Amino acid sequence: MKNILKLLTVFLLAVSCQPDAVIYKPEAIKIDESPGASYIENPLDIWSVNQEGQYALNVVFFKPTDMEFTNENFKNVSNMMLFIQSWYGVQMKANGYNKTFGLMTNQDGEVRINVIDGAEASTSYDSQDSSKIKAELNAYFADAPDKKSSDHYLVLGFKDSGVGFYANGKIGFATSPDFVLSETGKTIDGLELLKAANLGGIIHELGHALNLPHAAHKGSDSKISLMSFGNQAYQNGNEENVFLIPSSAAILNTCQVFNKTNDGIAYYAQSPGVTLSTYKVIKDDANGKLMASGTFSADVMPTALYIGEDGFPYSNVNESYDMVTFVKKIGVPNADNLYEFSVEIPYSDLFNGYKDDAKDAMENTLNIIFENGERIEAYSYEFTMDLISQVPNNDVVLDYLAWELSDRSSWAATANTSSQPIGNIIDSDIATYWHSGYPYRFSEKPPHELTFDMGEMKNFDQIYMYSDRSGGYFLPKQIKVQTSTDGVTYTDAADYSVPDKPSAKHFVIKLNSPVNVQYFKLLVSEVYTFNGVDNLFVCEVDVK
C-alpha cells in the first residue's frame, strides 16, 4: 500500500531582547498516514468535545515497548468509542435522559486517543496489578495537562499488553486483540448494533469507570443488565437484550462526563453529608410487595435514590452481580427541609433467575445519588428470605428513627476489655468504634461491661446503642442496664433482648422508670456471632 506523506510546517518563534532578532524558523514534520504506520497525533488537529459544552472521557491506549499502535488501530479504536458513546446515548434516552458521555474529537470526527508509550516491554506489566500503568498514566497527563478533559479514564490495550480487564475507581481497563467492529444485523431504537472481540466487556468496564456499581435486572425485566452479566450476554451474540437499568441511568445522569462544564456543579469536590431521619420497610403480603419509605436531609442536592436488594451479600463472589435495584427520583424538600421517598418492591422482582437459590440471606441498602456525581449508602441491614415461597421473612420489617446524638465531651467511659479506644463510643462519630479484645468467650469470661460517668446527674429513661459492622456480627443481643448515683452502688434499671440481628445495628432501651443518676453500666451477656467467639462491637452510646 502506497505511503502517504504529509508535510506539516511548524513555525517556531524565537524572541531576542533586540528588536531585529525576531526570526521565524520552519521545521518539517513528516507523518506517515498509511494504515500500517505508527500512529502520531497530528499537531494541527483541532480538538473539541463532540457533546457541546460537556466534559469528555479521557481515552487512553497503553503501548508497551514491544507493541505497535498503527493508524489502522487508531481508526478502529476511534470507531469503537463512537459506537459505545452512541450505545450509552440510546440507553440513557430509553431511561428518560437525553444525554451521553463526551468525547474529544478532531475536525474529521475522529476520537482523541492518548497513546502512552510504555517504559518497558509487555512482560514487565502485570494485568492483575495496575499500579505501574497508573503511574505512567499519571506522568503522561502531568506532562500534558491540557489533554486531560475530565476525571474519568478508559485505558485500552492489546491482549497480553499488561492492561487488565477491570476498573479501579474512575479508571477502567480493557483489552481487545484488534478493536475491529463488524455488523450484527440488529438494531435498538435506530442504532445499528455492532460487535467486536471483548466489546461487551469494554462497555461494562467503562460503566465502572463512569461510577456504575454491579447491579442486576428485575424479575419482570425481559433484558439483561449491562452491570450484571450483560457483558457476557453481549459478547455471546445477545447484543439486543443488554440494557442499562434505571439505577445505572440515574447514576450516569450525574456523572461528570455526561454533563456540562459550565453548569456550576463542582463534581466530586464534596462528599455529601446525609442525615437519615426515618426509614421504614413493611411487608404487604396481600399484594406481594415490600413498601419502603423514609425521609432524610442532605447538604448537597440529591437527584435520585435506589434501594438495592442483594443476595448472599458477604460471599465476595461476583459481589452485587445479583443486586436488584428500585429507583425513585427525588423532588424538592418538604416544609421541614426533609426529602421524602416511597418505593415499591414486588417480591417477584427479587427473583430474576440469577443465583436465586442463594437468596435466603439478603441485604437491603439505601443509596442516595447527588447532583455532584457522588453516591452515598445511607443505610443497610440484613434479612432472610423463604426460598420456597420466595417471600421475605419478617426480619425484613424495619422501622428506623434517627437519634440525634448529644454532646458527651464531658463523659468518661471504661470497659472490662478493649482493643480499641473506649472513647470512640462517646465521640459523636459513627464511623469510629470500640470492640472488645479478641477472642472473647463467655464460657471463660464474664459479660462485657461498659461503664459510663456522665460528669453530672442526668434525668433520662432511654439508652441508645449504635453498632454498625460489615457482616452484622459481634453485635449486642442481651443487655442489662444498671444505674448509680455514686459510681459504687448500682441498681438494675432494665433488661433488654435485641429481637434480631438487623435490629442490633441500632436500638433504644427503654428503662423500667426514669432515673436521675451520674453513672450507668451496660452488661452484655449475649452477642450475635458466627464463629463461637463472643466479641462485642459498639460505635455510639447515648441517653435521653
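Note that this is a predicted model, so its numbers are computed, not measured.

A. A look at the overall build of the chain. Scanning the chain from N- to C-terminus turns up five helices and 30 strands. Each principal axis of the C-alpha atoms in the chain carries an extent, and together these give about 95 × 65 × 50 Å. The buried share of the chain, reckoned over its 544 residues, is 51%. Here the chain has roughly 24500 Å² of accessible surface; of this, 48% comes from carbon and sulfur atoms.

B. Quick peek at the nonpolar core. Within the largest apolar cluster, 59 residues are counted, with the highest numbers of intra-cluster contacts made by Met81, Ile84, Trp87, Tyr88, Phe101, Leu156 and Leu210. Of all the secondary-structure elements, those providing two or more residues to this core are strand E4 (56-63), helix H1 (71-94), strand E7 (153-158), strand E11 (191-195), helix H3 (199-209), helix H4 (226-235), helix H5 (246-253) and strand E16 (302-311). Considering every element that reaches this core, the biggest residue donor is H1, with 10 residues. Phe460, Val515, Val524 and Val541 belong to the second largest nonpolar core, which has 33 residues in total.

C. Molecular detail of the confidence of the model for the chain. For the chain, per-residue confidence averages 91 on the pLDDT scale, and 93% of positions sit at 70 or higher. Low pLDDT, under 50, characterises residues 1-28; the stretch is placed with 41 contacts to residues that sit more than four places away or in other chains.

D. Region of interest: the layout of surface pockets. Computed from the structure, the largest pocket encloses a volume of approximately 710 Å³. Taken together, the elements giving at least two residues each to the lining of the largest pocket come down to strand E14 (274-284), strand E20 (375-386) and strand E25 (448-466). When residues of the lining of the largest pocket are assigned to their parent elements, the largest contribution, five residues, is made by E20. Partitioning the lining of the largest pocket into residue classes produces 14 nonpolar, three polar and seven charged.

E. Molecular detail of H1. Taking 1.5 Å of rise per residue, 24 residues should cover 34 Å, and H1 covers 35 Å from first to last C-alpha, within 8% of that figure. Among the 24 residues in H1, 17 count as buried, and that is most of the element.

F. Summary view of empty space enclosed by the protein. Counting across every chain of the model gives one cavity of 30 Å³ or more. Its residues assigned to classes, the lining of the largest cavity shows five nonpolar, three polar and two charged.

G. Examining the packing of aromatic side chains more closely. By the definition in use, this model includes 33 aromatic pairs. Ring centres 4.9 Å apart and planes at 80° place the aromatic pair Tyr140 and Phe141 in the edge-to-face group. Considering the side-chain rings of Phe141 and Tyr153, the 5.4 Å spacing of their centres and the 65° angle between planes classify their relative orientation as edge-to-face. Placement of the pair is Phe141 in helix H2 (residues 131-143) and Tyr153 in strand E7, with a sequence separation of 12 residues. By relative accessible area, Phe141 is classed as buried at 7%. Joined through ring pairs, the aromatic side chains of Tyr279, Phe296, Tyr339, Phe341, Tyr379, Tyr381, Phe383 and Tyr400 make up one cluster. In this arrangement the basic side chain of Lys544 is found over the ring face of Trp403, its NZ or CZ atom lying 4.5 Å from the centre.

H. Broad picture of the sheet that holds strand E19 (residues 361-370). One open sheet accounts for five strands, arranged E17-E16-E19-E20-E21; its pairing is antiparallel. Each having just a single partner strand, strand E17 (324-329) and strand E21 (391-392) make up the two edges of the open sheet. Across the sheet, H5 touches E16, E17, E19 and E20, and the angle it forms with E17 is around 50°.

I. View of the pairing of strand E18 (residues 339-346). Residue alternation in E18 divides its side chains into a buried set, Tyr339, Phe341, Val343 and Ile345, and an unburied set, Glu340, Ser342, Glu344 and Pro346. The sheet contact formed by strand E15 (residues 289-298) and E18 spans eight bridges and is antiparallel. Considered in E18, the bridge of Ser293 is made with Ser342.

J. Summary view of H3. Within H3, 11 of the 11 residues are buried, leaving the element largely enclosed by the surrounding structure. The complete set of buried residues in H3 reads Leu199, Gly200, Gly201, Ile202, Ile203, His204, Glu205, Leu206, Gly207, His208 and Ala209. Positive backbone phi, approximately 90°, marks Asn211, located one or two places after H3.

K. Structural detail: the packing of H3 against H4. At a minimum axis separation of 7 Å, H3 and H4 run at an interaxial angle of 160°. Here H3 lies roughly antiparallel to H4, going by the angle between them. Our pair here, H3 against H4, has a crossing hand that is right-handed. Facing H3, whose interface residues are Leu199, Gly200, Gly201, Ile203, His204, Gly207 and His208, H4 presents Leu226, Met227, Ser228, Asn231, Tyr234 and Gln235.

L. Quick peek at the sheet that holds strand E22 (residues 398-401). With antiparallel pairing, four strands are arranged side by side in an open sheet as E18-E15-E14-E22. Edge positions in the sheet fall to E18 and E22, since each has one partner strand and no second. Within the sheet, the average angular offset between the axes of one strand and its neighbour, ignoring direction, is 15°.

M. Spotlight on the side chain of Lys359. Note that Lys359 resides in the loop between E18 and E19. At 3.4 Å, the side chain of Lys359 and the side chain of Asn352 are in polar contact. Ignoring anything within four residues of it in the chain, the contact list for Lys359 reads Gly311, Asp322, Leu350, Phe351, Asn352, Tyr354, Met385 and Leu387.

Analysis parameters
Residues numbered from 1 in each chain as written. Predicted model: local features only at pLDDT ≥ 70, side-chain atom pairs only at ≥ 80, totals over all residues. Heavy atoms only, no water. Helix = DSSP H or I, 4+ residues; strand = E, 2+ residues; numbered from the N terminus. Buried < 20%, exposed > 50% of the residue type's maximum accessible area, 1.4 Å probe, protein only. Areas by Shrake-Rupley, 256 points an atom, 1.4 Å probe, with all protein chains shown as cover. Core = buried A, V, L, I, M, F, W, Y, C linked by side-chain atoms within 4.5 Å. pLDDT = per-residue confidence, 0-100. Contact = heavy atoms within 4.5 Å. 1 Å grid on protein atoms, 1.4 Å probe; cavity = no way out; pocket = protein on both sides within 12 Å on 5 of 7 lines; lining within 4 Å. Points joined across faces, edges and corners; volume = space filled by probe spheres on them. Nonpolar A, V, L, I, M, F, W, Y, C, P; charged D, E, K, R; others polar. Expected span 1.5 Å × (residues − 1). Phe/Tyr/Trp six-rings, centres within 6.5 Å; stacked < 30°, edge-to-face > 60°. Lys NZ or Arg CZ within 6 Å of the ring centre and 35° of its normal. Pairing = 2+ DSSP bridges. Axes fitted to C-alpha atoms, helices over the stretch in contact; angles between N-to-C directions. Parallel < 35°, antiparallel > 145°, perpendicular 65-115°, else oblique. Left-handed = near helix turned anticlockwise from the far one by under 90°. Polar contact = N/O pair within 3.5 Å; in protein donor to acceptor, adjacent residues only side chain to side chain.

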